[in-house]
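Here are the chains, one letter per residue:
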Amino acid sequence: MSTPSLGAVGVPTATAAKAQATGAPAVPAHPVEVATLWRPSAPCTPHGCVDATGPARAVPLAALRIAAVLLLLIVGFLLTPLGGRIPGALVRHWSRWVVRAAGVRVRIDGRAASDGGLLLVANHVSWLDIPLLAAVRPARMLAKSEIRDWPVAGWMTARSGALFIDRDRIRALPETVARIAEALRAGEAVAVFPEGSTWCGRAQGYFRRAAFQAALDAGVPVQPVRLRYRAAQGTPSTAAAFVGADALLTSVWRVVRARELVAEADVREPIAPGSRPDRRSLARAAEVSALLGACQVQVPRQSRAVALPVKGGIQAVPAVAEEAQPAPSPEPLTA
């Protein structure tokens, strides 16, 4: 779930001049939530971004879908003590079954290395991203520490071997990066959502750099994956989005009610170790690969524009400023 809002400010649209020049009506933007570097936040909200229109499943069938998902999660939980003794292929199939049990078809294009240390990075849209990414390559997830306090889910996440990051203690970041690097050196895969928050799928953020330092320290490749959710006819869908103040149960119910929803994982070319000199360029290369084709206006980072979804259209607005500074040597560790 995305970070709770820390406030909001209005921002002018970047497309207003273009709209006036073409005679098209300007679409008002919804505000960008104020976010700190440590607690990134997306402007996406359930009311403004999530569109669940389309054919819906009957309530009894949707309830059966939820029961099937819960059954598979229980089976997975019971098998967690076996740890690494479970074949990776079986974990990938189980992950697919979780998504399919929710009534969502799965399409995976490309493959990730089946063994060896690997930093798996992807854009973040939905709670479905976790099993969908595991269907590409089983991995230890990097999760926010607040999840530990969630009923049932927190315990299951901890038992799965997840690595936790405390977003309220920026001084703990080097220790978190060191733990990720240690797992990567041990030949494990670690999955990270570098945007730091869920986005609705029509709009996307940018990749924070910290986790990429672990890949550099461990000397392992970075595997970008682009996750998308579409209707059966191929049009983008936000029905799976889990954003803003959305409750998990509300999002789950919206997914199991939606018919003909398709989850796509596009596995991009891996970025070889040593091919980028620092985490800044490594994060940027992974971002371009995973978010390629997104409706974004590329401008300097100090006034980077992002595409914000509004019902009826998409427009670009300036995101919360991130000052562009020359990278010192060595570059200080930041998120």
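Keep in mind that this is a model prediction, so the values were computed, not measured.

Along the protein, the regular secondary structure elements total ten helices and eleven strands. Taken over 335 residues, the protein has a buried fraction of 46%. A fraction of 75% describes how many contacts in the protein between residues 6 or more apart in sequence connect residues 24 or more apart. When the accessible area of the protein is evaluated, it comes to approximately 15900 Å², of which 61% is carbon and sulfur surface.

This part is about the side chain of Arg-208. Structurally, Arg-208 is set in the loop between β7 (189-192) and α8 (210-218). The class of Arg-208 is buried, set by a relative accessible area of 17%. Engagement of the side chain of Arg-208 in a polar contact is seen with the backbone oxygen of Glu-195, the distance being 3.3 Å.

A contiguous nonpolar surface patch, about 310 Å² in accessible area, is contributed by Leu-71, Val-75, Leu-79 and Leu-82. Take Leu-71: it is sitting in helix α3 (residues 59-79).

We now examine the pattern of salt bridges. Here the structure, examined in full by the defined rule, presents seven salt bridges. Between Glu-264 and Arg-228 there is a salt bridge, with the nearest N and O atoms lying 3.5 Å from each other. Here Glu-264 is found in strand β9 (residues 261-267), whereas its partner Arg-228 is found in strand β8 (residues 222-231), with 36 residues between them in sequence. Judged by relative accessible area, which is 12%, Glu-264 ranks as buried. Across the pair Arg-284 and Glu-287 runs a salt bridge, and its minimum N-O distance is 2.7 Å. Note that Arg-284 and Glu-287 are positioned in helix α10 (residues 279-291) at a spacing of three residues, about one turn of the helix. Overall, the relative accessible area of 29% leaves Arg-284 in the partly exposed class.

For the rest of this paragraph, the subject is the sheet that holds strand β6 (residues 163-165). Strand order across the open sheet formed by seven strands is β3-β9-β8-β4-β7-β5-β6, with mixed pairing between neighbours. The open sheet terminates on both sides in strands that have one partner only, identified here as β3 (104-109) and β6. The sheet shows a mean angle of 25 degrees between the axes of neighbouring strands, direction not considered. As judged from the four bridges shared by strand β4 (residues 118-122) and β8, these two strands associate in the parallel manner. Following the sheet pairing, Leu-120 is matched in β8 by Gln-223. The strands touched by α8 are β4, β7 and β8; relative to β4, the strand with the most contacts, the crossing angle is about 155 degrees.

As a rule of thumb, soluble globular proteins bury nonpolar side chains together. In this structure, Cys-44, Val-104, Leu-128, Leu-133, Leu-227 and Val-255 are the most contacted members of the largest nonpolar core, which totals 47 residues. Counting residues in each nonpolar core, the second largest holds 29 residues, with Val-192, Val-222, Ala-285 and Leu-291 among its members.

Our next topic: the state of the cysteines. Throughout the structure, instances matching the rule amount to zero disulfides. The closest cysteine sulfur to the non-disulfide-bonded Cys-44 is located on Cys-200, 3.7 Å from its own sulfur. Assessed through its relative accessible area of 1%, Cys-44 is described here as buried. What makes Cys-200 buried here is its relative accessible area of 0%.

Moving on, we come to the environment of Gly-219. Relative to the assigned elements, Gly-219 resides in the loop between α8 and β8. By relative accessible area, Gly-219 is classed as partly exposed at 44%. Placed 34 residues apart in sequence, Gly-219 and Arg-185 show a C-alpha to C-alpha distance of 7.8 Å.

Our next topic: the pairing of β8. Of all ten residues making up β8, nine are buried, and the element is well covered by its neighbours. Judged from the seven bridges that link them, β8 and β9 form a sheet pairing that is antiparallel. The partner of Leu-227 across the bridge, within β9, is Ala-265.

Between its terminal C-alpha atoms helix α7 (residues 173-185) stretches 18 Å, which fits the 18 Å expected from 13 residues at 1.5 Å a residue. By the burial criterion, the buried members of α7 are Leu-173, Thr-176, Val-177, Ile-180, Ala-181, Ala-183 and Leu-184. Summarising the axial view, the buried residues of α7 lie within an arc of 160 degrees, below the 170-degree limit, and thus occupy one face. Counted as exposed and oriented over 90 degrees from the buried face of α7: Glu-175, Glu-182 and Arg-185. Contacts from the buried residues of α7 go to β4, β5 (140-144), β6, β7 and α8.

We now examine α10. Over its 13 residues, α10 extends 17 Å from the first C-alpha to the last, a length consistent with the 18 Å expected when each residue adds 1.5 Å. Those residues of α10 not exposed but buried are Arg-279, Leu-282, Ala-283, Ala-285, Ala-286, Glu-287, Ser-289, Ala-290 and Leu-291. Those residues of α10 that are buried lie in contact with β4, α8 and β8. The residue sitting at the N-terminus of α10 and contributing the capping side-chain oxygen is Asp-278; that oxygen lies 3.2 Å from the backbone nitrogen of Arg-280.

So, how was this worked out
- Residues numbered from 1 in each chain as written.
- Predicted model: local features only at pLDDT ≥ 70, side-chain atom pairs only at ≥ 80, totals over all residues.
- Heavy atoms only, no water.
- Helix = DSSP H or I, 4+ residues; strand = E, 2+ residues; numbered from the N terminus.
- Buried < 20%, exposed > 50% of the residue type's maximum accessible area, 1.4 Å probe, protein only.
- Contact = heavy atoms within 4.5 Å.
- Areas by Shrake-Rupley, 256 points an atom, 1.4 Å probe, with all protein chains shown as cover.
- Polar contact = N/O pair within 3.5 Å; in protein donor to acceptor, adjacent residues only side chain to side chain.
- Patch = residues over 30% accessible without salt bridge, like charges linked within 9 Å, V, L, I, M, F, W, Y side chains within 5 Å.
- Salt bridge = Lys/Arg side-chain N within 4 Å of Asp/Glu carboxyl O.
- Pairing = 2+ DSSP bridges.
- Axes fitted to C-alpha atoms, helices over the stretch in contact; angles between N-to-C directions.
- Core = buried A, V, L, I, M, F, W, Y, C linked by side-chain atoms within 4.5 Å.
- Disulfide = S-S within 2.5 Å.
- Expected span 1.5 Å × (residues − 1).
- Arc of directions from axis to C-beta.

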